[in-house]
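Below, each chain spelled out in residue letters.
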Amino acid sequence: MATITRRAALAAVPALLAAPSLRAQGSYPTKPVRIVVPFPPGGLVDLLARSVSQSLAARMGQPFVVDNRAGAGGNIGADLVAKAAPDGYTLLAASMGPLAVNQFIYSSMPYDTNAAFAPITLLATTPKVICVANNRPWRSLGELVAAAKERPGQLTAGSAGSGSSLHLALELFRGATGTDIQHVPYRGAAPAVTDLVSGNIDLVIDNVPNILSQIRGNGVRALAVATESRLPQLPEVPTTAEAGVNFRFGTAFGMAAPAGTPDAIVNAVAEAVATALKDPAIGGRLAEQGTLLGGQGPRAFAALIEEEKRTLEPVIKRANIRAD
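Fair warning: this is a prediction, and the values are worked out from it, not measured in the lab. (Residues numbered from 1 in each chain as written. Predicted model: local features only at pLDDT ≥ 70, side-chain atom pairs only at ≥ 80, totals over all residues. Heavy atoms only, no water.)

Draft legend 1. Highlighting unusual backbone geometry. Here the amide bond leading from Tyr28 into Pro29 is cis, since omega sits at -10°, within 30 degrees of zero. One can find Pro29 in the loop between helix 1 (22–25) and strand 1 (33–37). Even without glycine at this site, Ala72 takes up a positive phi of about 55°. Take Ala72: its relative accessible area is 38%, and that puts it in the partly exposed class. The backbone of Asn320 sits at a positive phi, close to 55°, despite the residue not being glycine. Here Asn320 shows up in the segment after helix 11 (298–319). (Helix = DSSP H or I, 4+ residues; strand = E, 2+ residues; numbered from the N terminus. Buried < 20%, exposed > 50% of the residue type's maximum accessible area, 1.4 Å probe, protein only.)

Okay, here's the thing in structure tokens:
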């Protein structure tokens, strides 16, 4: 799903644990590797997985094949990986939902979130941007917050569905600003943005890559980015801190293996992913769309997952967010 602040995780990429290429040793991989994406094709995590898979294949000498297994907020595909043999031949590329917070949203889970996976690496984080409809009068985040306080429960914010990162962002924003903004769930972020462009809802707190083209095309008005510093893709848009609001938020995506996968395999895949993300043909293209690249390795990603749980569990419980 998402997390509020990732200063350590999104700082300069630290050196990975020293791990020789297992391919050079002839031990891994010796056959194709499946990367399960627990969401439909075309989404950001699918794009990330497909972007790095060719580099992984070239570096490690075997095909890395993306397999989309969507359903239940990512739980179906994640469960397949959780129950796979811990031999490095079935990997997971996912948002933080199935890796961290779905356990707080779904009444039952097919796997134990806290014990099912061996974190490999953060792939990327997409920062959030607060956008309003062009036919609304607000020109700054301060004006939006003031309007929400003047009209409690009347302003509407679209999301990609109950429990989505856009919904969690809204709940955190409400808490940070002391506002009561009505949540309007959609079946995905795209229809929410479509209604925002049409002026049917007031605002959306979306991932920058999802809505960047609408911002640049003046389809919506961006008021603030929920990041520590301004984004080069939107240099004219202030941060939430500049607007006087203590709210930072982003959606993280990463890779994991079944628990019990040997450290040597986990480290070798993490090293290969970090190399792929440094390739301008891959990482440069993603960064142009406002994606903050990862590649920090298993330890940093494991810490990020734990931070996600600590941050969002109380928010989910306080707002009584349920996905089933």
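Draft legend 2. Spatial organisation of helix 3 (residues 75–82). Where burial is concerned, most of helix 3 is hidden: six out of the eight residues are buried. Asn75, Gly77, Ala78, Asp79, Val81 and Ala82 are the residues of helix 3 that are buried. Against the buried residues of helix 3 lie strand 1, strand 3 (90–95), helix 4 (96–105), strand 4 (117–133) and strand 9 (250–258). (Contact = heavy atoms within 4.5 Å.)

Draft legend 3. Quick peek at the pattern of salt bridges. Overall, the coordinates contain eleven salt bridges when judged by the stated rule. Here Arg174 makes a salt bridge to Glu171, at a shortest N to O gap of 3.3 Å. Here Arg174 and its partner Glu171 are both found in helix 6 (residues 165–177), three residues apart, which amounts to about one turn of the helix. With a closest N to O distance of 3.0 Å, Glu306 and Lys309 form a salt bridge. You can see Glu306 and its partner Lys309 sitting in helix 11, three residues apart, about one turn around the helix. One continuous salt-bridge network, built from bridges that share partners, spans Arg34, Asp67 and Arg69. (Salt bridge = Lys/Arg side-chain N within 4 Å of Asp/Glu carboxyl O.)

Draft legend 4. Seen up close, the nonpolar core. Grouped together as the largest cluster of nonpolar side chains are 85 residues, with contacts concentrated most on Phe117, Leu144, Phe173, Phe247, Met255 and Val269. Per element, the largest residue contribution to this core is nine residues, and it comes from helix 9 (residues 263–278). If we skip the residues at most four places from it in the chain, Met255 touches Ile35, Leu91, Leu92, Ala93, Pro119, Ile120, Thr121, Leu123, Val269, Val273 and Phe301. (Core = buried A, V, L, I, M, F, W, Y, C linked by side-chain atoms within 4.5 Å.)

Draft legend 5. How the structure looks around the environment of Asp324. If you trace the backbone, Asp324 turns up in the segment after helix 11. For Asp324, a relative accessible area of 53% corresponds to the exposed category. The spacing of Asp324 and Gly178 is 146 residues in sequence and 28 Å in space, taken between C-alpha atoms. Ignoring any residue separated from it by four or fewer positions in sequence, one finds Asp324 in contact with Ile105, Tyr106, Ser107 and Ser108.

Draft legend 6. Structural detail: the layout of surface pockets. Of the voids in this model, the largest pocket is the one considered here, and its volume is about 1000 Å³. Phe39, Ala160, Ser164, Gly188 and Ala189 are the residues nearest the centre of the largest pocket, which is lined by 42 residues in total. Those elements that provide at least two residues to the lining of the largest pocket are helix 2 (44–60), helix 4, helix 6, helix 8 (208–216), strand 9 and helix 10 (280–288). Per element, the largest residue contribution to the lining of the largest pocket is four residues, and it comes from helix 4. Among the residues making up the lining of the largest pocket, the classes are represented as 21 nonpolar, 19 polar and two charged. (1 Å grid on protein atoms, 1.4 Å probe; cavity = no way out; pocket = protein on both sides within 12 Å on 5 of 7 lines; lining within 4 Å. Points joined across faces, edges and corners; volume = space filled by probe spheres on them. Nonpolar A, V, L, I, M, F, W, Y, C, P; charged D, E, K, R; others polar.)

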